[in-house]
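# Descriptive structure summary
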Amino acid sequence: MALVRMQDMLRHAYENGYAVGAFDVVSLDMIQGIITAAERCRAPVIIGISEPHFEHVDMGLLAPAVEAAAARAEVPVAIHFDHGSGLESAVEGIRLGCNGVMVDCSHLELKENIDITKAVVAMAHECGVPVEAELGYVPDSGDEMVYTTVEEARGFVRLTGVDFLAVSIGTVHGRLGGKPKLDYTRLRHINEALGIPLVLHGGSGLSDDQFHRLITNGIAKINYFTALTDSAARLMRDNARDKTGGYLDLFDGVSALLEQEAERLMRVWGGAGRAAEVLERCAPWRPVDHLITFQPPEMDAEELEFITRRGRRLLGAIPGVREVLLSEPVQSGTRRRCAWTLRLASEAVIPQLEQNPDYQGLRKRYWRESDSASVSNYRRSA
Ligand code: 13P
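This part covers the overall build of the chain. Within the chain one finds 15 helices and 12 strands. At 23 Å, the chain has a C-alpha radius of gyration in line with the 21 Å of a compact globule built from 382 residues. Each principal axis of the C-alpha distribution contributes one length, and for the chain these read about 75 × 60 × 40 Å. In the chain, once contacts between residues fewer than 6 apart in sequence are set aside, the share between residues at least 24 apart is 74%. Entry remark: accessible area of the chain is about 17,300 Å², with carbon and sulfur atoms responsible for 49%. Counting 41 positive and 53 negative side-chain charges, the chain places the centres of these two groups 4 Å from one another.

With that settled, the discussion passes to the pairing of strand S5 (residues 131–135). With respect to burial, S5 is a largely interior element, five of its five residues being buried. Residues Val131, Ala133 and Leu135 point to one face of S5 and Glu132 and Glu134 to the other, with burial holding for every one of them. With three bridges connecting them, strand S4 (residues 100–103) and S5 associate as parallel partners. By the bridge assignment for S5, Met102 is matched with Glu132. Following the backbone out of S4, through helix H5 (residues 110–126) and into the adjacent parallel S5, one traces a crossover that is right-handed.

Let us look at the sheet that holds strand S3 (residues 77–84). Overall, parallel pairing links the eight strands, which are arranged S1-S2-S3-S4-S5-S6-S7-S8 in a closed barrel. Neighbour-to-neighbour, the strand axes of this sheet turn through a mean angle of 25 degrees, independent of strand direction. Running over the sheet, helix H2 (residues 28–41) touches strand S1 (20–24), strand S2 (45–50) and S3 and is turned about 160 degrees from S2. Here helix H6 (residues 150–160) sits on the sheet in contact with S5 and strand S6 (164–167), set at roughly 150 degrees to S5.

Checked against the element boundaries, Leu198 lands in strand S7 (residues 198–200). Look at Leu198 and you get buried, because its relative accessible area is 0%. Once the C-alpha coordinates of Leu198 and Ile219 are considered, the two residues, 21 residues apart in sequence, prove to be 4.6 Å apart. Discounting residues that sit within four places of it in the chain, Leu198 has contacts with Leu165, Val167, Leu187, Ile190, Asn191, Asn217, Gly218, Ile219, Ala220 and Lys221.

Next up on the list: the packing of aromatic side chains. With the rule as written, the count across this model stands at seven aromatic pairs. With 6.0 Å between their ring centres and 70 degrees between their planes, Phe54 and Phe81 make a pair best called edge-to-face. Linking Phe54 in the loop between S2 and helix H3 (59–72) with Phe81 in strand S3, this pair joins segments that are 27 residues apart in sequence. Since its relative accessible area comes to 31%, Phe54 is described here as partly exposed. With centroids separated by 5.2 Å and ring planes inclined at 85 degrees, the aromatic side chains of Phe294 and Trp340 adopt a geometry described as edge-to-face.

Calculation notes
Residues numbered from 1 in each chain as written. Predicted model: local features only at pLDDT ≥ 70, side-chain atom pairs only at ≥ 80, totals over all residues. Heavy atoms only, no water. Helix = DSSP H or I, 4+ residues; strand = E, 2+ residues; numbered from the N terminus. Rg over C-alpha atoms; globule rule 2.2 N^0.38 Å. Contact = heavy atoms within 4.5 Å. Areas by Shrake-Rupley, 256 points an atom, 1.4 Å probe, with all protein chains shown as cover. Lys, Arg positive; Asp, Glu negative; His and termini not counted. Charge placed at Lys NZ, Arg CZ, Asp CG, Glu CD. Buried < 20%, exposed > 50% of the residue type's maximum accessible area, 1.4 Å probe, protein only. Pairing = 2+ DSSP bridges. Right-handed = clockwise from strand over helix to strand, strands pointing away. Axes fitted to C-alpha atoms, helices over the stretch in contact; angles between N-to-C directions. Phe/Tyr/Trp six-rings, centres within 6.5 Å; stacked < 30°, edge-to-face > 60°.

Limitation: the analysis is restricted to geometry and does not speak to function.
As structure tokens, then:
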């Protein structure tokens, strides 16, 4: 299992003067290409699931593939929820398997950005998940840029408790009109004031030299999407010119191309060759299963169906609970026995789960400690 805690991974990058690539994925080709690239050059890598992409891709289907690829990868991997719009979506990101979340309220008034980010930090930290937020505004091409200021950044980090900060120092999301002018002095001052890993959004279109100077001044995570997917789209257009080709022929070479480009970037950003030391320095990230078996009070099938539905709804809504598996009650003697499994994002979720009023209510009512119930059973996936 190569999934590791993202806070450990980025701390290592920050302290050792390199940046980890964070690539949002929208397809299996991308997952495969990027993980293989990281394996080829032995680099840590972050795979991103981005909320704005939810309208194009069913992330409920793609996220398990990301998790499976991370689990079998030979290099350290973290899974990040990119550009989350608020508390609810950050909870959903953790439910999808992300072990780092970004809350992006940079387009809102500062006070609102602080309040929402603070709420996300409180929730995510209770799940063991670090939080990235954005201050200033890294625009989509065409929008107006708002630079991050040192003073605001200092106050923002102190008030919110974020683990990483995305800064606006001259980059834009998407395709660039010309060569961007980056404000390295501003970045250096922000870095000196904060001392936490800084994040660069809008990595597409920058030169190797620009990347090096950004990393020297505190950038430890680089988000990169447009240029990578544009090159894949160009190849697919070329493939489509061969009118005899079928659906699969359109994708011919796409994964290899993504792999090549992602590997080149990982080498430029300095992560190549770091996998072994990162694995050694990072705690593994493992979900925890909470097993509950109990004998419900005497009830008919309809009542049992009701508590099953209720249990699924209430328990599934608790932050950090990723899945509620309720197995069909089996006949045991004359009474039915229930077995419920809660899949938790991490061990950190346990205390807040046990204090949750809905959890406590169900526990008191249906599986209060007795000789027929077993509840304090937590197992880390091996
Ligand atoms: P680009 O698409 O400009 O590379 O930016 C990606 C990004 O910042 C995703 O969060």
